[in-house]
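# Structural characterization, general
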Amino acid sequence: MNAQIDHNLEEIRRFRPAPEFAAQAVASPELYDAAASDRLGFWADQARELLTWSKPFTRTLDWTNPPFATWFDDGELNVAYNCLDRHVEEGNGDRVALHFEGEPGDSRAITYAELTAEVKRAANALIALGVEPGDRVAIYLPLIPEAVVAMLACARIGAVHSVVFGGFSSQSLSSRIDDAEAHVVITADGGYRKGRVFPLKPTVDEAVAAAETEVRAVIVVERTGAEVEWTDRDVRWSEAMADASSEHTALPFNAEHPLFILYTSGTTGKPKGILHTSGGYLTQTAFTHKNVFDLHPERDVYWCTADVGWITGHSYVVYGPLANGATQVIYEGTPDTPHAGRWWEIIEKYGVTIFYTAPTAIRSFMKLGRQIPHGFNLRSLRLLGSVGEPINPEAWIWYRHVIGGGSIPVVDTWWQTETGAIMISALPGVTDLKPGSAQVAVPGISIDILSDEGEPVEGVGGGLLVVTEPWPSMLRGIWGDPDRFRETYWEKFGDKYFAGDGARRDEDGDIWLLGRVDDVMNVSGHRLSTAEIESSLVAHPFTAEAAVVGASDETTGQAVVAFVILKERQTAGLDIATASEELRAHVAKQIGAIARPRQVFIVGELPKTRSGKIMRRLLRDLAEGRQVGDTTTLADTSVMTAITEQVR
Ligand code: 6R9
């Protein structure tokens, strides 16, 4: 296999679109021309073409108060109507919207007509609980149809959802409830994961008890039938839905009405509530979903493996695909339950044609070997996508050959929670594909690479990735913290958006993403902040001081590695292995299992500069097994030698 891949890498640097694919492709080179000649006119055309507006807009972009942009701001629409009712009205009510596959093997096909009716009921149920436009609703659910219904029900009535990934801890949930002041929470008795029921309701009870915000109602979906404690504020989803009418007229909201808040890690400990609004967000998610994934809604079966707890689940499970009337698969569980071929079995079962996943998943399948996917019929696939972190050329080639059968397009899509939608990607059928490179800005998006001093890098070279012009699905701010919004993204380069990623432009003008340049780690495509994990570690009574780095990891991209100085008072007599295990478990409990450090090294000192800054770069060298770099700026240069000995 490897010989084959190496061969491909040397022989074929570029893959031209297959003529049969290009002949039927949704995207065309004219998109680039149209966007280049009149960028704002291009987006206005897309907004009009892809969405149904209750009140047409006359203004496209208002950038008179940077960095606060508004798009289509005198227009009105209902986001849920655009994702649901209009497809039914256009005669596509019988089309399957969701093929739900539960981990235990239960399944449900839900048509657009059925999904519309359910969302109407859920909207009425929320109204009955006193939820009003602009109110925040926290959603803490497994990946089941009710998660999609809950999000769209909020959108329908103008409430702002804040989806919290079901793997996050009660503390994480509680701080998100407080930050957004959510008075209603939607959860489940539990979900299925790795063949077991994982409880959610007890975590919500803990979170609600710890929150300062008064939570009026907790709506509980009965997914597993697990026994849960009931309090006065709890409402059964099934009862609330049964009591609610299935009649509900979607009212229009302003294009800039807030749609959702989604928390993501930044460089400091406190997660940022990224705010997205309605018209611009839906325009760009629908546009990219259609053109980057070559969507033919009448015949494609699309599957994005992301959970709705992440931005990819918001934009490419819920809003983009449903706005476009796509038929899609959603799967509750893990790829290896009950067997290692579960994903491929699902592709075969539903005849999936478009598949969108993350490099970390691809790499773990590579490790297991091609015989597993080869046990299934994957010939329905005609397009593959990747997101979350750079995809190494070897994994790209494996994906194209072993999963895609060798001839179908693979698109590597770069974007962020903050950008709301895809920003850099090839257009299938149009762009020649290059393994490992995200390649080119989407039509209508202006990307550049700048030096640290803010000078554009001309031609071939590396630097910092920026977006030079506002885009429709850009974040509108950080919830409740305009200063942090300015400081994080706009202070460095003035009116250009600083993404936090390093990038390089090659001789063809293609962009290669090089990973984060800040203290944000990327573990299995999930963003984690070093500061957040450090503050969790120092909150433990054992810890005197802690430093966390992201070390490269063959499967997960990066892994969390912590260096901790113990408090002698607390840990006298304790052995190092026990202390380190306790701290790993502590982080998993405080933040969530995804944040559990791969290793916790107990050390006597941390490397610091004279001004007291921890030099994480040196710790990263150590964690990655490299020769430790330049230590001359350390206050005490012998420290690294001591730490190296303790770690080995
Ligand atoms: C969509 C999503 C954003 C960060 C981003 C970058 C990394 C995402 C990538 C990629 C290289 C790609 N990233 N896609 N790096 N190539 N195709 O993942 O959002 O969770 O906010 O993460 O992920 O570092 O800055 P989010």
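A quick note: this is a predicted structure, and the numbers were derived from the prediction, not measured.

Nonpolar side chains in soluble globular proteins tend to end up buried together. Ranked by internal contacts, the top residues of the largest apolar core, which has 183 residues, are Phe293, Tyr319, Phe355, Leu465 and Ile533. In terms of residue count, the dominant contributor to this core is helix 8 (residues 145-157) (10 residues). The residues touching Tyr319, leaving out its near neighbours within four places in the chain, are Val79, Cys83, Met151, Leu152, Ala155, His161, Leu259, Phe260, Tyr281, Leu282, Thr285 and His314. Listed in part, the 20 residues of the second largest apolar core include Ala547, Ala551, Ile565 and Leu622.

Right, let's talk about the site of the ligand for a bit. With respect to spatial proximity, 17 residues lie near the ligand, and among them Asp412, Thr413, Thr417, Arg516 and Arg527 are the closest. In the model, an oxygen atom of the ligand is placed 2.8 Å from a nitrogen or oxygen of the Arg527 side chain. Protein coverage of the free-state accessible area of the ligand, which is 520 Å², stands at 96%. When contributions to the shell around the ligand are tallied by element, the ones reaching two or more residues are helix 13 (311-323), strand 20 (410-413) and strand 25 (511-516). Class assignment of the residues belonging to the shell around the ligand gives a composition of 6 nonpolar, 6 polar and 5 charged.

Between its first and last C-alpha, helix 4 (residues 39-50) extends 16 Å over 12 residues, near the 16 Å set by a 1.5 Å rise per residue. Those residues of helix 4 that sit buried are Arg39, Gly41, Phe42, Trp43, Ala44, Gln46, Ala47 and Leu50. Packed against the buried residues of helix 4 are helix 3 (30-37), strand 1 (61-65), strand 2 (68-71), helix 6 (85-92) and helix 12 (279-292).

The next subject is the sheet that holds strand 23 (residues 477-478). Taken together, the 8 strands give an open sheet; going across it, the order is 12-11-8-6-7-14-15-23, and neighbouring strands pair in mixed fashion. Unpaired on one side and paired on the other, strand 12 (234-236) and strand 23 mark the two borders of the sheet. In terms of strand pairing, strand 11 (residues 217-221) meets strand 12 through 3 bridges, oriented parallel. In the sheet register, Ile219 faces strand 12, and the bridge partner there is Val235.

This paragraph deals with the side chain of Arg176. The residue Arg176 is located in helix 9 (residues 170-180) in this model. We note that Arg176 is buried and unpaired, the nearest opposite charge coming from Glu532 at a distance of 4.8 Å.

Attention shifts here to unusual backbone geometry. Pro67 follows Pro66 through a cis peptide bond whose omega is 0°. Looking at where Pro67 falls in the secondary structure, it is placed in the loop between strand 1 and strand 2. Thr337 connects to Pro338 through a cis peptide bond whose omega is 0°. Considering the arrangement of structural elements, one finds Pro338 in the loop between strand 17 (327-331) and helix 14 (342-350). You will see that Glu181, though not glycine, has its phi angle at about 50°, which is positive. Of note, Glu181 is situated in the loop between helix 9 and strand 8 (184-188).

Mapped onto this numbering, the UniProt entry annotates "binding site: ATP" (unreviewed entry) at Gly388, Glu389, Pro390, Asp412, Thr413, Trp414, Trp415, Gln416, Thr417, Asp501, Arg516 and Arg527. Positionally, Gln416 belongs in the loop between strand 20 and strand 21 (447-450). Setting aside residues no more than four positions away along its own chain, Gln416 makes contact with Ile311, Tyr497, Ala499, Asp501, Arg516 and Arg527. Among the polar contacts listed, one links the side chain of Gln416 to the side chain of Tyr497, at a separation of 2.8 Å.

Per the UniProt record, "modified residue: N6-acetyllysine" (unreviewed entry) is found at Lys613. Classification of Lys613 as exposed rests on a relative accessible area of 57%. In this structure, Lys613 is in contact with Pro607 and Lys608, ignoring residues within four places of it in sequence.

Time to look at the confidence of the model for the protein chain. Reading fine detail from the predicted coordinates is not recommended where pLDDT is low. With 98% of its residues at a pLDDT of at least 70, the protein chain reaches an overall mean of 94. Across the predicted assembly, pTM comes out at 0.91 and ipTM at 1.00.

Right, let's talk about the packing of helix 22 (residues 616-623) against helix 23 (residues 639-647) for a bit. In the contact formed by helix 22 and helix 23, the axes pass within 11 Å of each other and the chain directions differ by 35°. The handedness of the crossing between helix 22 and helix 23 is right-handed. On the side of helix 22, the interface is formed by Leu618, Leu619 and Leu622, while helix 23 contributes Met640, Ile643, Thr644 and Val647. Its residues assigned to classes, the contact of helix 22 with helix 23 comprises 6 nonpolar, 1 polar and no charged.

This brings us to the side chain of Thr413. With respect to the helices and strands, Thr413 occurs in strand 20. A distance of 2.6 Å separates polar atoms of two side chains, one belonging to Thr413 and the other to Tyr356. A polar side-chain atom of Thr413 sits 2.8 Å from the main-chain carbonyl oxygen of Ser386. Discounting chain neighbours no more than four positions away, the residues touching Thr413 are Val292, Tyr356, Ser386, Val387, Ile422, Ile424 and Ser425.

Turning our eyes to something else, we now look at the sheet that holds strand 17. The sheet built from 7 strands is open, its strands ordered 5-4-17-16-18-19-20 with mixed pairing. Each edge of the open sheet is held by one strand with a lone partner, namely strand 5 (107-111) and strand 20. Going from strand to strand, the sheet's axes swing by 20° on average, the running direction of each strand aside. Pairing of strand 16 (residues 301-304) with strand 18 (residues 354-357), which is carried by 3 bridges, proceeds in the parallel orientation. Note that in strand 18 the partner of Cys304 across the bridge is Tyr356.

Attention now moves to the environment of Val160. Here Val160 lies in strand 7 (residues 160-163). It is 6.2 Å that separates the C-alpha atoms of Val160 and Pro258, two residues lying 98 residues apart in sequence. Among all residues touching Val160, those that are not within four sequence positions of it are Gly134, Asp135, Arg136, Val137, Pro258, Leu259, Phe260 and Ile261.

What counts and what doesn't
Residues numbered from 1 in each chain as written. Predicted model: local features only at pLDDT ≥ 70, side-chain atom pairs only at ≥ 80, totals over all residues. Heavy atoms only, no water. Core = buried A, V, L, I, M, F, W, Y, C linked by side-chain atoms within 4.5 Å. Buried < 20%, exposed > 50% of the residue type's maximum accessible area, 1.4 Å probe, protein only. Helix = DSSP H or I, 4+ residues; strand = E, 2+ residues; numbered from the N terminus. Contact = heavy atoms within 4.5 Å. Near = heavy atom within 4 Å. Polar contact = N/O pair within 3.5 Å; in protein donor to acceptor, adjacent residues only side chain to side chain. Areas by Shrake-Rupley, 256 points an atom, 1.4 Å probe, with all protein chains shown as cover. Nonpolar A, V, L, I, M, F, W, Y, C, P; charged D, E, K, R; others polar. Expected span 1.5 Å × (residues − 1). Pairing = 2+ DSSP bridges. Lys, Arg positive; Asp, Glu negative; His and termini not counted. Salt bridge = Lys/Arg side-chain N within 4 Å of Asp/Glu carboxyl O. UniProt positions renumbered as here; feature names shortened; annotations may be inferred. pLDDT = per-residue confidence, 0-100. Axes fitted to C-alpha atoms, helices over the stretch in contact; angles between N-to-C directions. Left-handed = near helix turned anticlockwise from the far one by under 90°.

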